[in-house]
Amino acid sequence: MIWQTGITTRWYGRTTNRFLFLLTALVVLIFFYPFVEEFDQNGYIFPVLMNIILFLALYAVIDRNRHFRIAFILLLPAICMLWARAIFGMRPEVIIGSALTSALFFSVIIAIIVHRILTTRHVNRDTIYGAVCVYLLIGLLWASMYATAAEMSATAFSYTPAIMPAGEHLTFGNLLYFSFITLTTTGYGDIIPTMRVTQSLAMVEAITGVIFLAVFVSRLVGIVGWNTASEDEERK
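Note that this is a predicted model, so its numbers are computed, not measured.

Enquirer: I keep staring at the nonpolar core and nothing clicks. Help me out?
Expert: A general tendency of soluble globular proteins is for nonpolar side chains to be buried together. The biggest cluster of nonpolar side chains holds 68 residues, and the ones touching the most others in it are L22, F105, F106, L140 and F157. Of all the secondary structure elements, the ones that give two or more residues to this core are α2 (18-36), α3 (45-60), α4 (65-88), α5 (92-119), α6 (125-152), α7 (172-183) and α8 (196-235). If you tally residues by element for this core, the top one is α6, at 15 residues. When residues no more than four places from it in sequence are discounted, the contact partners of F157 are Y146, A150, L170, L175, F178, I191, I192, P193, T194 and T198.

Quick look at the structure:
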C-alpha cells in the first residue's frame, strides 16, 4: 500500500494523465529546441525548457513518496546548475556540472517509471504515455552524457562540416540529434564518436534502445493478455 501525504494526495489526485504532461514537454524540447537553439544567444531558452521537464518528471512520480524524496533531492542541484549555465555562460565546468546533475536525475526518474510499468497489472493510456516518456528520457539522458564527454575533450566526436564548422564545439541540439539517431540504431555517419568512452556510450545506448522496445512491448502485451484471460475466467 502506498502511503501518501496530504500534499501528494492533493497534487496527484487531480489528474491521472501525469505522464502526458511530461511527454508533451519532451516532444517540445526534442522537436523544437534545435530550431530555436541558434537564437538562444543568452542561453535562457534551454534552462527554461529543461526546468519544465525536470518538474514534470518529478510530478510524474509524486505518487511514490520514498522515490519522490530521492528524486526531489537530486532535482535541486540539477536546477541550480541549469540556471548557473544561464547566468555564468557556457563555461566548461558549468556545462559539465549541469549535464551530470541532469543525467543523474533522469537516471532515477527512468528507474522509477520503469519499475512502475513493470509492476503494474493494468494498461491504460497513462501507462503507454509513461513507456514513451522512458524512451525519450533515455535519449535525453545519453545526450547529457555526450555533452559531458564533448566538453571534456574536443576529440570526443568527429563530424562533417555540414553539422558544424571545424574547430567549433557541438551544441546540445547536435548531441540530442546524435543521441536519438543512436538510440534508434539509424546511424547517418555525420557525427561519429571517436574516443573509447563515447564509443562505449553509443554502443550501450543502441543496445538499450533495442532491449527497451523488446522488453516493454512484450510486457505491455503480456499485461493485456493477462487482463483478458482474467476477464474471461470471471465470465465463466
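Enquirer: Help me understand the side chain of S98 in this model?
Expert: With respect to the element layout, S98 can be found in helix α5. Taking the relative accessible area as the measure of exposure, S98 reaches 2% and is therefore buried. When residues no more than four places from it in sequence are discounted, the contact partners of S98 are M81, L82 and R85.

Enquirer: Explain the packing of aromatic side chains here, please?
Expert: The tally for this structure, following the rule as stated, stands at nine aromatic pairs. Judged by centre distance (5.7 Å) and plane angle (85°), the rings of Y146 and F157 are edge-to-face. Note that Y146 is positioned in helix α6 and F157 in strand β1 (residues 157-159), a separation of 11 residues in sequence. By the burial criterion, Y146 is buried, and F157 matches it. The rings of Y33, F46 and F172 are connected pair by pair, giving a single aromatic cluster.

Enquirer: Would you explain α7 in this entry?
Expert: Within an α-helix, residues lying three or four positions from one another point in the same direction, as the helix has 3.6 residues per turn. With 12 residues, α7 extends 16 Å between its outermost C-alpha atoms, agreeing within 8% with the 16 Å of an ideal straight helix rising 1.5 Å per residue. Most of α7 sits inside the fold, with 11 of its 12 residues counted as buried. Turning to α7, its buried residues number three or more, namely F172, G173, N174, L175, L176, F178, S179, F180, I181, T182 and L183. T185 sits one or two positions beyond α7 and adopts a positive phi of about 55°.

Reading the values: rules and limits
Residues numbered from 1 in each chain as written. Predicted model: local features only at pLDDT ≥ 70, side-chain atom pairs only at ≥ 80, totals over all residues. Heavy atoms only, no water. Core = buried A, V, L, I, M, F, W, Y, C linked by side-chain atoms within 4.5 Å. Buried < 20%, exposed > 50% of the residue type's maximum accessible area, 1.4 Å probe, protein only. Helix = DSSP H or I, 4+ residues; strand = E, 2+ residues; numbered from the N terminus. Contact = heavy atoms within 4.5 Å. Phe/Tyr/Trp six-rings, centres within 6.5 Å; stacked < 30°, edge-to-face > 60°. Expected span 1.5 Å × (residues − 1).

The quantities given are spatial measurements derived from coordinates; they are silent on function.
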